[in-house]
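Notes for the structure review
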Amino acid sequence: MESGGLKLYPYQSYEVYGLSRNPFEQLASEGIKDVESIHVYQEIDMRLQMIISEVIGNKSSIALSIVGPLGMGKTQRLKTIAKAIEEHRGKALYVKVDTHDILKLTRDIFYAIKPPKSRTNIFLENLSRKLGFIDRLEKMLSDTQEYKSRDIAELLTEQMSKFPYCAILLDELENMQGASEKEKIQFFEMLRHFISNMPDGCIVAFACIPEAYEEYTKIFPAFFMRLHYEFKLRPMSLDEAYELVKKRLNRVRVKDTDDPLYPFTEDAIKLIHRLGRGNPRQTLRLLHYVLTEAAKHRFDPIDDFVVTTILEEPKNLDEYLTRIPKEYKDLVKAIVFEFNGGPASYIQIAKVVKKPGVQVYESLNELVRLGFLVGDPGGNYKVPDYVRKFLEEGQGQEEEY
């Protein structure tokens, strides 16, 4: 339907399937209320519950790592620990690592205990510094040359000992990779001293991708030997994928059905699970896209043939760009239009889109995992061959024109 040259699209509705909305839109389970009702429990969840019970029941102190690719549920597990500690009147410091500056990272940990002061108090504190009263912690965090790992750990232990239970939870620790080897050792040495003298009822946990984790273990094996547990997340099994779909769909059903997978067939889920390689986030992305497109065409049911039809290679450049998740479109457009499809390094792309390099690096790797980009051993990124053909055809047309 068109009006005055403007093409109007019908409102997206999922009523044809008896659903109020697309239940796969939210990829991160930690952003969903009552997440327990849709979380698919794996062995790691049972073991974490046992660890939490040990800490709460016996005032034990435990350090652990959670390792897995992006989209495997690492954040959700850390949030589970935080919730359990806070439910028992404890203090959980959840810090999303967004820097390779160990001074800022350490400061973020202490700020999570006690947020920064008001502007007025900061002014008075700065004035007192000018008069010669320099806070001990701030002095150690003023420069890496002043960074005293043992002393900082003792200050952290002193602060965390004030709570009946506590947790230090560091998410996305791979973002510290840009620090120098010396700085990484300084930071891990600080954590090692803290773990050696943890208060009773304390959990130290951090999440990391496998590549960075392997690098860190080689740099400072003494720290990783102190960990009590090391959890390596595995892909979802097919049965777990079925459970994921059933739980998500059940939240938005407005009409009863005998088949908890409807409108999907088992074969459709089996194919999507294989395409997503068992990665929960990738699987959710595929489910979201397939359900959105199927609803537009009122495919009923959504079987493996429908999935194949929807996910077949795009027929032109516009269709390819339309399929890119919106949070990544600027990156792909930069590669397509600024670098003629690539290859280009993440640093080059970050400069074009004006985003932090670490953030761009993670997003590009996610696009590679989703099949929208191709990476090479040199750390560069480019579009797949079928997209390259679109670009060459377009150039040919321009030359003819």
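A closer look at the pairing of strand 5 (residues 166-171)
A large share of strand 5 lies buried, amounting to six of its six residues. Bridge analysis of strand 4 (residues 91-96) against strand 5 gives six bridges, and the strand direction is parallel. Looking across to strand 5, one finds that K96 is bridged to D171. Handedness of the crossover joining strand 5 and strand 6 (residues 202-208) through helix 7 (residues 181-196) is recorded here as right-handed.

Considering the sheet that holds strand 3 (residues 61-67)
If you walk across this open sheet you meet the five strands as 4-5-6-3-7, and the pairing is parallel. The open sheet terminates on both sides in strands that have one partner only, identified here as strand 4 and strand 7 (229-232). Neighbouring strand axes in the sheet, compared pairwise and without regard to direction, differ in orientation by 10° on average. This element, helix 6 (residues 149-160), spans strand 4 and strand 5 of the sheet and lies at about 130° to strand 5.

Section: the packing of aromatic side chains
Within the structure shown, the criterion is met by 16 aromatic pairs. Taken together, a centroid distance of 5.2 Å and an interplanar angle of 65° make the contact between Y346 and Y361 edge-to-face. Taken as a pair, Y346 in helix 16 (residues 346-353) and Y361 in helix 17 (residues 357-370) lie far apart in primary sequence, 15 residues in all. Members of the aromatic cluster, each reached through a chain of ring pairs, are F187, F188, F206, Y213, Y216, F223 and F224. Here the basic side chain of K59 rests over the ring of Y165, its NZ or CZ set 4.4 Å away from the ring centre.

The rules behind each value
- Residues numbered from 1 in each chain as written.
- Predicted model: local features only at pLDDT ≥ 70, side-chain atom pairs only at ≥ 80, totals over all residues.
- Heavy atoms only, no water.
- Buried < 20%, exposed > 50% of the residue type's maximum accessible area, 1.4 Å probe, protein only.
- Helix = DSSP H or I, 4+ residues; strand = E, 2+ residues; numbered from the N terminus.
- Pairing = 2+ DSSP bridges.
- Right-handed = clockwise from strand over helix to strand, strands pointing away.
- Axes fitted to C-alpha atoms, helices over the stretch in contact; angles between N-to-C directions.
- Contact = heavy atoms within 4.5 Å.
- Phe/Tyr/Trp six-rings, centres within 6.5 Å; stacked < 30°, edge-to-face > 60°.
- Lys NZ or Arg CZ within 6 Å of the ring centre and 35° of its normal.

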